[in-house]
Amino acid sequence: IFQVKGLVKQHIDSFNYFINVEIKKIMKANEKVTSDADPMWYLKYLNIYVGTPDVEESFNVTRPVSPHECRLRDMTYSAPITVDIEYTRGSQRIIRNALPIGRMPIMLRSSNCVLTGKTPAEFAKLNECPLDPGGYFIVKGVEKVILIQEQLSKNRIIVEADRKGTVGASVTSSTHEKKSRTNMVVKQGRFYLRHNTLSEDIPIAIIFKAMGVESDQEIVQMIGTEEHVMAAFAPSLEECQKAQIFTQMQALKYIGNKVRRQRMWGGPKKTKMEEARELLASTILTHVLVKEFNFRAKCIYTAVMVRRVILAQGENKVDDRDYYGNKRLELAGQLLSLLFEDLFKKFNSELKKIADQVIPKQRAAQFDVVKHMRQDQITNGMVNAISTGNWSLKRFKMDRQGVTQVLSRLSYISALGMMTRISSQFEKTRKVSGPRSLQPSQWGMLCPSDTPEGEACGLVKNLALMTHITTDMEDGPIIKLASNLGVEDVNLLCGEELSYPNVFLVFLNGNILGVIRDHRKLVNTFRIMRRAGYINEFVSISTNLSDRCVYISSDGGRLCRPYIIVKKQKPAVTNKHMEELAQGYRNFEDFLHEGLVEYLDVNEENDCNIALYEHTVTKDTTHLEIEPFTLLGVCAGLIPYPHHNQSPRNTYQCAMGKQAMG
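Residues numbered from 1 in each chain as written. Predicted model: local features only at pLDDT ≥ 70, side-chain atom pairs only at ≥ 80, totals over all residues. Heavy atoms only, no water.

## Things to note about the overall build of the protein
Consideration 1: The helix and strand inventory of the protein stands at 19 helices and 30 strands.
Consideration 2: The C-alpha atoms of the protein give a radius of gyration of 28 Å, which matches the 26 Å a tight globule of 662 residues would have.
Consideration 3: If one aligns the C-alpha atoms of the protein with their principal axes, the spans along those axes are about 85 × 80 × 50 Å.
Consideration 4: In the structure as shown, the protein presents an accessible area of about 31900 Å², 53% of it carried by carbon and sulfur atoms. (Helix = DSSP H or I, 4+ residues; strand = E, 2+ residues; numbered from the N terminus. Rg over C-alpha atoms; globule rule 2.2 N^0.38 Å. Areas by Shrake-Rupley, 256 points an atom, 1.4 Å probe, with all protein chains shown as cover.)

Put into structure tokens, the structure is as follows:
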């Protein structure tokens, strides 16, 4: 298996995805630059691609370069980013191909690297070790690793209790354009929506009315018609009465007065009501799309949030922030794509500024945009971020220190251990035991004993051997499949049907897809389709019975690992298969395509029954572990007989194994 995957596969996969797919999406999102000074002038990006690493020797003479030469000569191992553009000069339209706009540092052994697909002999010719894992960057002659960053997952409702014990729900929603966080709070038994664009908390009932659900009956039906739910929500309906708000217009007016004034330079003046409508449509719960002010999906989402909070006050417990199903890991690809998006937007806005300044002045000479495209801005932005490790993006107000570290080359194991390291966003000074303790959901995904002692204990973790980290996938086919399997659209339903005990909500990546009656059939059919290869093997589907939800997730950054499928108490993989693998007839990919092995993520492991050894398979077992020792990481995997040791001894050895020679 390791011959196929390699241990740093997750970094390289993520970087390849960024360079081949994500970068084109970023360009599509910001493809046109126009100027206010001249309505005729425009600049449009047609295509963008990243070349192969080269170095500029003298003026306009470039040649390919090998990573080792970059190490020796203190250069950056980077490739030019070129675009095809179409723009106007004077009155004619011009198309220019392969115009460089900057340079992108290249990860070793990725699809654009010189080393990809070479034999060991060719490696030796390039002064490169064939066993070197790759997955790092060479910037100014220094090998830098982008550590895996751990985040709470986006676009999910997380119910939590604060110090006083009051329950609230929060959603951090993030799309390509905006990032915002919406909170739902409870004060004296009433529900309020809190958002930092609003100057004060707004009663939930007013939000519902502003979204076009004007009848109180419908609001209550959406949230739930059980006795205790209605009793808990009743005080919030009285708020409307107090404020004398009954129609959508009145509600929008009320919210419009509570909006914090944005410093609006330029642009038409909006009325307060329009502003409130825009705010509800685009900023509050950003990830729930609103088309032509059809607020139906957003209403139901808000109702689900209220319902979760009400249930969490009763028998349901609040969500666990440290549970690994609620976490996403950001790899080099995602971090670089955020950075590149920021730099690309800056680059375009500078071009626009220059165009606005230059066009009015010179009528004689035609304005040629190509002369003003500076390469150094994108190049230096990338290089500085990777070499200092400071990721600071203005748009997202994101500011992080220490994202990158110098690859430690004490030994082969220390380099490998560095590649699988995960750094968490918590500050090391706080004495919180929650994030530091060993989570049961880490089983098989993260190594239980490879963590430093001392202040960073439990905050810095390492991946286990088999773990794979997903990248983003297209969700179009999944939506089609789901609606073919009987998921009904939310827009066609009245609120009453949502609270039937046998109706399950279906979520895709945190967005409501629709509702379904027979959720078991949906889940089983989905898994059959996945094993047959009709959908990507990394899509996961899981049910939450207490919230009556089915979650389908296809987003990037989830941890998953492979298991052998068990049918009728017999593992699907037999000795015959293993012999064919040893002889080289089949590889790991074939096992996946034939439905013998499948990837499960943390949420889906919860409703599976996994046996550790073949002789422990019972009639309920659904999956079998491939190798029990793969729940350990790179360092712990080298300890002989680790199951005979006291647990801290393994942890000490993991710290010291990186310093051993050989």
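## Thoughts on the domain arrangement of the protein
Consideration 1: Taken domain by domain, the protein consists of domain 1 (8-142 + 329-398), domain 2 (156-261 + 270-315) and domain 3 (470-631).
Consideration 2: Using C-alpha coordinates to define each centre, domain 1 is positioned 37 Å away from domain 3.
Consideration 3: Each partner contributes to the interface: domain 1 provides 7 residues, whereas domain 3 provides 6 residues.
Consideration 4: For the domain 1 and domain 3 pair, buried surface summed over both sides reaches about 490 Å², with 54% attributable to carbon and sulfur atoms.
Consideration 5: If you sort the residues of domain 1 by the area they bury against domain 3, Tyr 17, Leu 329 and Gln 334 come out on top, with a joint share of 72%.
Consideration 6: There are 1 salt bridge connecting domain 1 and domain 3.
Consideration 7: Between domain 1 and domain 3 we count 2 residue pairs in polar contact (both at pLDDT 80 or more) in total.
Consideration 8: Here the side of domain 1 that touches domain 3 gets 5 residues from one element, more than from any other, and that element is helix 2 (residues 9-29).
Consideration 9: Split into classes, the residues belonging to the side of domain 1 that touches domain 3 amount to 2 nonpolar, 2 polar and 3 charged. (Domains from an automatic or database assignment. Contact = heavy atoms within 4.5 Å. Buried area = accessible area lost by both parts, 1.4 Å probe. Salt bridge = Lys/Arg side-chain N within 4 Å of Asp/Glu carboxyl O. Polar contact = N/O pair within 3.5 Å; in protein donor to acceptor, adjacent residues only side chain to side chain. Nonpolar A, V, L, I, M, F, W, Y, C, P; charged D, E, K, R; others polar.)

## Details of the pattern of salt bridges
Where side chains of opposite charge bring their charged atoms close, a pairing between them can arise.
Consideration 1: One pass over the structure, following the stated rule, counts 32 salt bridges.
Consideration 2: Note that Lys 209 and Asp 216 form a salt bridge whose closest N and O atoms lie 3.1 Å from each other.
Consideration 3: The buried category is assigned to Lys 209, whose relative accessible area is 3%.
Consideration 4: Using a relative accessible area of 29% as the deciding quantity, one classes Asp 216 as partly exposed. (Buried < 20%, exposed > 50% of the residue type's maximum accessible area, 1.4 Å probe, protein only.)

## Focus on unusual backbone geometry
Generally, phi is negative for residues other than glycine and the peptide bonds are trans, each holding for most cases.
Consideration 1: At Asn 127, a residue that is not glycine, the phi angle is positive and equals roughly 60 degrees.
Consideration 2: Note that Asn 127 resides in the loop between helix 4 (120-125) and strand 7 (137-139).
Consideration 3: Positive phi is not limited to glycine here, since Asn 509 has a value of about 50 degrees.
Consideration 4: If you trace the backbone, Asn 509 turns up in the loop between strand 22 (504-508) and strand 23 (511-516).

## Remarks on the layout of surface pockets
Consideration 1: By volume, the second largest pocket amounts to about 670 Å³.
Consideration 2: What lines the second largest pocket is a set of 32 residues, and nearest its centre among them are Tyr 323, Asn 326, Asn 544, Tyr 551 and Asn 603.
Consideration 3: Every element with two or more residues in the lining of the second largest pocket is listed here: strand 10 (157-161), helix 10 (296-313), strand 24 (540-544) and strand 25 (549-553).
Consideration 4: Among the elements that line the lining of the second largest pocket, the one with the most residues is strand 24, at 4 residues.
Consideration 5: Class assignment for the residues of the lining of the second largest pocket results in 10 nonpolar, 14 polar and 8 charged. (1 Å grid on protein atoms, 1.4 Å probe; cavity = no way out; pocket = protein on both sides within 12 Å on 5 of 7 lines; lining within 4 Å. Points joined across faces, edges and corners; volume = space filled by probe spheres on them.)

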